[in-house]
Amino acid sequence: MAAPPDMELSPSLSLELLPTDPLLLILSFLDYRDLVSCCYLNRRLNQLSSHDPLWKRHCKKYWLISDEEKSRRNQGWRAIFISTYSDLGRYIHYYATLKKAWDDLEQYLGQWCPRMIGSLKESVREEDLDAVEAQIHCKLPDDYRCSFRIHNGQKLVVPGLMGSMALSNHYRSEDLLDIDTAAGGFQQRLGLKQCLPLTFCIHTGLSQYMALESVEGRNKYEIFYQCPDQMARNPSAIVMFITGTSYLEWFTSYVNKVVTGGYPIIRDQIFRYVHDKDCVATTEDITVSVSTSFLPELSSVHPPHYFFTYRIRIEMSKDALPENACQLESRYWRITNAKGDVEEVQGPGVVGEFPVISPGKVYEYTSCTTFSTTSGYMEGYYTFHCLYNKDRFFNVTIPRFHMVCPTFKVSTA
């Protein structure tokens, strides 16, 4: 049917006729890959996709480039994105997450553990990582490689970046290994085939390992503490206490725990005690809180022996009256394992001491316990006597605190 004489057909819509600003707005929502693809469609899109402000978002998102750094480089956003991609492009899905973790960690250490900053090593080159792969005949995961393009671990010093733990006669502090030291500790022996050490403690020889292949019952890139099976005749029977499913998850979750105050800073070191915020009890003016930690180097699966340490903080409110000052007389513990078996312990003082608590004062101590089950809990009370009324005794509640060993895998040997 013919069109009415008063209706004129509209000309074909052409990209060349569309105004620039709406097109730039549309392009601003594209990912960097689609933005690059636009360069090859036609001349107009090539010109528009080269518009420098379009690349600012991608520089900030993927490479964490700030306006200040752009000014220092004296380059446009597009040029910065391209030059950075040419160097770190294979890590584009990991770099921003790992760079932020490292930046947050450095900022935190600068405030709370400044001497640890000096132990961090500069980044390595891509060819250095390629050389390590050729040396160990295994591919390194990209998230691991990416982290070493930012920092090459740390020097073998104390304290270690990956946390410390101390008891009266036991001390552990784990360094994050540089790439060459890690490659030198690469394992090919039975029980630890294709395993690369990530950390090392100078005092105990303890390491956390990453499995580079799915062998001997391990998942590829799983991170773990090794634990010999003491009841097996085969010395290659190794049980794993799993600490991470990938390097990215392992490293960033640790950093997050550190920078959010999840681990306490003690004597300029990061101590890996975990505090449950609900694990606090207040009796009159005295508050008791508990943090715990599992020690894999003192534990075993066969025979079942799970070693935990706990740190207790006893504090009297600063608003308490001076005459409320008191001294710890004795302790009572009720210890329950996962089977429901109960053990009761009562004795004088704590760790051989009888601390005095007064308004605003804090007393902290560390002790330990073991379970034959993978988990258990403790609770109890302290008995105090008043310093200004020696006939008055009262009990202070110790909140129930749970201890659970990490997931583990039994050896397939």
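Residues numbered from 1 in each chain as written. Predicted model: local features only at pLDDT ≥ 70, side-chain atom pairs only at ≥ 80, totals over all residues. Heavy atoms only, no water.

Trainee: Can you help me understand the domain arrangement of the protein chain in this one?
Mentor: Accessible area lost during the coming together of the parts is what is often quoted as the interface size. According to the domain assignment, the protein chain consists of domain 1 (19–90), domain 2 (96–258) and domain 3 (274–405). For domain 1 versus domain 2, the distance between C-alpha centres works out to 35 Å. Taken residue by residue, the interface counts six residues in domain 1 and seven residues in domain 2. Summed over both partners, the interface of domain 1 with domain 2 comes to about 570 Å²; 44% of that surface belongs to carbon and sulfur atoms. Across the contact surface, domain 1 and domain 2 share three salt bridges. Put simply, R90 and E126 hold a salt bridge, and the shortest N to O gap is 3.4 Å. Counting across the interface, domain 1 meets domain 2 through three residue pairs in polar contact (both at pLDDT 80 or more). Within the residue set of the side of domain 1 that touches domain 2, elements represented by two or more residues are α4 (56–63) and α6 (77–88). Taken together, the residues that form the side of domain 1 that touches domain 2 break down as three nonpolar, no polar and three charged. (Domains from an automatic or database assignment. Contact = heavy atoms within 4.5 Å. Buried area = accessible area lost by both parts, 1.4 Å probe. Salt bridge = Lys/Arg side-chain N within 4 Å of Asp/Glu carboxyl O. Polar contact = N/O pair within 3.5 Å; in protein donor to acceptor, adjacent residues only side chain to side chain. Helix = DSSP H or I, 4+ residues; strand = E, 2+ residues; numbered from the N terminus. Nonpolar A, V, L, I, M, F, W, Y, C, P; charged D, E, K, R; others polar.)

Trainee: For this particular structure, what's the right way to read empty space enclosed by the protein?
Mentor: Empty space among the atoms becomes visible once a probe the size of a water molecule is rolled across them. Taken as a whole and judged by the stated rule, the model has one cavity of 30 Å³ or more. The space that makes up the largest cavity amounts to roughly 70 Å³. Forming the boundary of the largest cavity are E284, D285, I286, M316, N324, C386, R392 and F394. Partitioning the lining of the largest cavity into residue classes produces four nonpolar, one polar and three charged. (1 Å grid on protein atoms, 1.4 Å probe; cavity = no way out; pocket = protein on both sides within 12 Å on 5 of 7 lines; lining within 4 Å. Points joined across faces, edges and corners; volume = space filled by probe spheres on them.)

Trainee: Help me understand a nonpolar patch on the surface, please; the structure alone is not making it clear to me.
Mentor: Taken together, L156, V158 and I202 make up a surface patch of nonpolar side chains, about 240 Å² in accessible area. Take L156: it is sitting in the loop between α10 (142–148) and β1 (164–167). (Patch = residues over 30% accessible without salt bridge, like charges linked within 9 Å, V, L, I, M, F, W, Y side chains within 5 Å. Areas by Shrake-Rupley, 256 points an atom, 1.4 Å probe, with all protein chains shown as cover.)

Trainee: Mind showing me how you'd approach the nonpolar core here?
Mentor: The tendency in soluble globular proteins is for nonpolar side chains to be buried as a group. If you look at the biggest cluster of nonpolar residues, it comprises 61 residues, and the most contacted ones within it are L140, Y144, L161, Y247 and F251. Counting residues per element, this core draws most heavily on helix α7 (residues 95–112), at seven residues. Among all residues touching Y144, those that are not within four sequence positions of it are I179, A182, L196, L198, M210 and Y247. Grouped together as the second largest cluster of nonpolar side chains are 38 residues, V290, F294, Y310 and F371 included. (Core = buried A, V, L, I, M, F, W, Y, C linked by side-chain atoms within 4.5 Å. Buried < 20%, exposed > 50% of the residue type's maximum accessible area, 1.4 Å probe, protein only.)

Trainee: Before we go on, may I ask you to explain unusual backbone geometry in this structure?
Mentor: As a rule of thumb, non-glycine residues mostly have phi less than zero, and peptide bonds are mostly trans rather than cis. Between V158 and P159 the backbone carries a cis peptide bond, its omega angle lying at 10 degrees. With respect to the secondary-structure elements, P159 resides in the loop between α10 and β1. A cis amide bond links H302 to the next residue, P303, at an omega of 0 degrees. The phi angle at Y221 is positive, at roughly 75 degrees, despite the residue not being glycine. For Y221, a relative accessible area of 22% translates into the label partly exposed. Non-glycine residue D268 carries a positive phi angle of around 60 degrees. Along the chain, the position of D268 falls in the loop between β8 (265–266) and β9 (269–270).

Trainee: What am I meant to see in the sheet that holds strand β4 (residues 199–201) here?
Mentor: Strand pairing in a sheet is mediated by backbone hydrogen bonds. Such pairs are either parallel or antiparallel. Spatially, β1-β2-β4 is the arrangement adopted by the three strands of the open sheet, whose pairing is antiparallel. Strands at the two margins of the open sheet, each flanked by one partner only, are β1 and β4. Strand-to-strand twist across the sheet, computed as the mean angle between neighbouring axes with direction ignored, equals 20 degrees. Relative to strand β2 (residues 170–176), β1 runs antiparallel, the two being bridged by four bridges. Its bridge partner lying in β2, L167 is registered against H170. (Pairing = 2+ DSSP bridges. Axes fitted to C-alpha atoms, helices over the stretch in contact; angles between N-to-C directions.)

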